[in-house]
Every structure is written in C-alpha cells, then in structure tokens.
Amino acid sequence: MMQLSSATWHALLTATHAHPAWRERLLAWQRNATTLHLAILREPYLSRILTGRKRIESRFGRDRRAPFGQVQASDLLLLKRAGGPLAGLALVKHAISREITPADVHELHATYADDLAIDDPHCWELHAQSRYVTLIWLDDVYPLPSIPLPRRDRRGWVVVEKIE
C-alpha cells in the first residue's frame, strides 16, 4: 500500500475540476466508497490506454501479487508512466483474476488481442510462462496533465491508502 501526498491529492482534484464525474469518484474514494489503485505502465501501452486503443489492461505473473484478486468493477485506477508522472485515470468496468496454463495464454491472446493491444510476439512468449492473470476492462479513461508522483519501489501495481 502507498499513500498520496496532500499535494498530489489536491493536484488530482484540480485536474478533475472540469470533469465532475471524475471529481466525485475521487471524493467517493476518500469517503471509503471504492478502492483506488496505482498502475505503472510503460509505453506504448499507456498511450494506447489514453487514446482508447487498449481497452483491457492485463497483468500476468508467476505468483498472486497485486492486482490479482484485489481489483473489481467500480474501482478507480491512477495511470502512471513508468519513471514519470501520473498521466490518467480509468474506471474499472469489469475484472477477472484466475490461474492459467500456457494453453490459456494462447486462448486469451486469440480472444482479446485487439482489446489488449499487445502486438509484440515476444511478450506473448513470456506470458506463456505465467501461472496467473488479471484482466481489467477499462472505462471512462480520463487523461491528466502531468502530475508528479515520486516513488521509490519497483512494484507495478499498488493499492492506494486513504489520505488522513
């Protein structure tokens, strides 16, 4: 878990001032009505999400680390550029976490290739070694102005704690 600084929180509220639905979602999170996750994304996947080309975020792994079993519909995602600032928000429309086999990876590729927007065959070869997957259908993606969010750890997914 990690906590947002008050400066980051105020920057998020300011950035969503012109979008009342997103502002209300963030305030609902503050009232404990939903869960907020931080997803670290590399290019080209971040840009593909922000432009609507990538509609499903996937996390493959050899163990059950976050977001496995931790993300559900109506949760909120902070989208952060790897090594960079916050770049967007997304609403979780649907999510599944499950164990997989190499055959399942091929099936996921065939079924969801367009929505996953993973066009690197090497990436799919690496995923074939995974034992777990979480698929997250994204909705109402909202690009943000660059909001700094310094981090020291290397986790690619973190549940965000409430601001005290």
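Here, every reference points to the structure presented above.
Every value quoted in this text rests on a predicted model; they were computed, and no experiment measured them. (Residues numbered from 1 in each chain as written. Predicted model: local features only at pLDDT ≥ 70, side-chain atom pairs only at ≥ 80, totals over all residues. Heavy atoms only, no water.)

Caption draft 1: The arrangement of unusual backbone geometry in detail. Following glutamate 43, the chain continues into proline 44 via a peptide bond in cis, with omega recorded as 10°. Tracing the chain through its elements places proline 44 in the loop between strand S2 (36-41) and helix H3 (45-50). Each neighbour pair has its own omega, and for alanine 66 with proline 67 the value is 15°, a cis peptide bond. Positive phi, close to 70°, is recorded for asparagine 32, a residue that is not glycine. Position of asparagine 32 relative to the elements: it lies in the loop between helix H2 (20-30) and S2. According to the relative accessible area criterion, asparagine 32 is exposed, its value standing at 58%. One non-glycine residue, serine 74, lies in positive phi territory at about 80°. Here serine 74 lies in the loop between strand S3 (56-61) and strand S4 (76-81). (Helix = DSSP H or I, 4+ residues; strand = E, 2+ residues; numbered from the N terminus. Buried < 20%, exposed > 50% of the residue type's maximum accessible area, 1.4 Å probe, protein only.)

Caption draft 2: Broad picture of the packing of helix H1 (residues 6-15) against H2. Two elements in contact, H1 and H2, have axes whose closest approach is 9 Å; the angle formed by their N-to-C orientations is 150°. H1 and H2 meet at a crossing whose hand is left-handed. Side by side, H1 and H2 meet where Trp9, Leu12, Leu13 and Thr14 of the first sit next to Arg23, Leu26, Leu27, Trp29 and Gln30 of the second. In terms of residue class, the contact of H1 with H2 is built from six nonpolar, two polar and one charged. (Axes fitted to C-alpha atoms, helices over the stretch in contact; angles between N-to-C directions. Left-handed = near helix turned anticlockwise from the far one by under 90°. Contact = heavy atoms within 4.5 Å. Nonpolar A, V, L, I, M, F, W, Y, C, P; charged D, E, K, R; others polar.)

Caption draft 3: Just the side chain of serine 58, in detail. Assignment of secondary structure puts serine 58 in strand S3. Here serine 58 is in contact with Leu116, Ile118, Thr134 and Leu135, once residues within four sequence places are set aside.

Caption draft 4: Region of interest: the packing of aromatic side chains. Considering all chains together, one arrives at four aromatic pairs under this definition. Where tryptophan 9 meets tryptophan 29, the ring centres are 5.3 Å apart and the plane angle is 50°; that geometry is what we call tilted. Of the two residues, tryptophan 9 sits in helix H1 while tryptophan 29 sits in helix H2, which places them 20 residues apart along the sequence. Taken as a pair, tryptophan 9 and tryptophan 29 share a single burial class, namely buried. On the numbers, 5.6 Å between centres and 85° between planes, the contact of tyrosine 112 with tryptophan 137 is edge-to-face. Taken together, the positions of tyrosine 112 in helix H4 (residues 102-116) and tryptophan 137 in strand S6 (residues 132-147) put the pair 25 residues apart, joining distant regions of the chain. The exposure class assigned to tyrosine 112 is partly exposed, which follows from its relative accessible area of 22%. (Phe/Tyr/Trp six-rings, centres within 6.5 Å; stacked < 30°, edge-to-face > 60°.)

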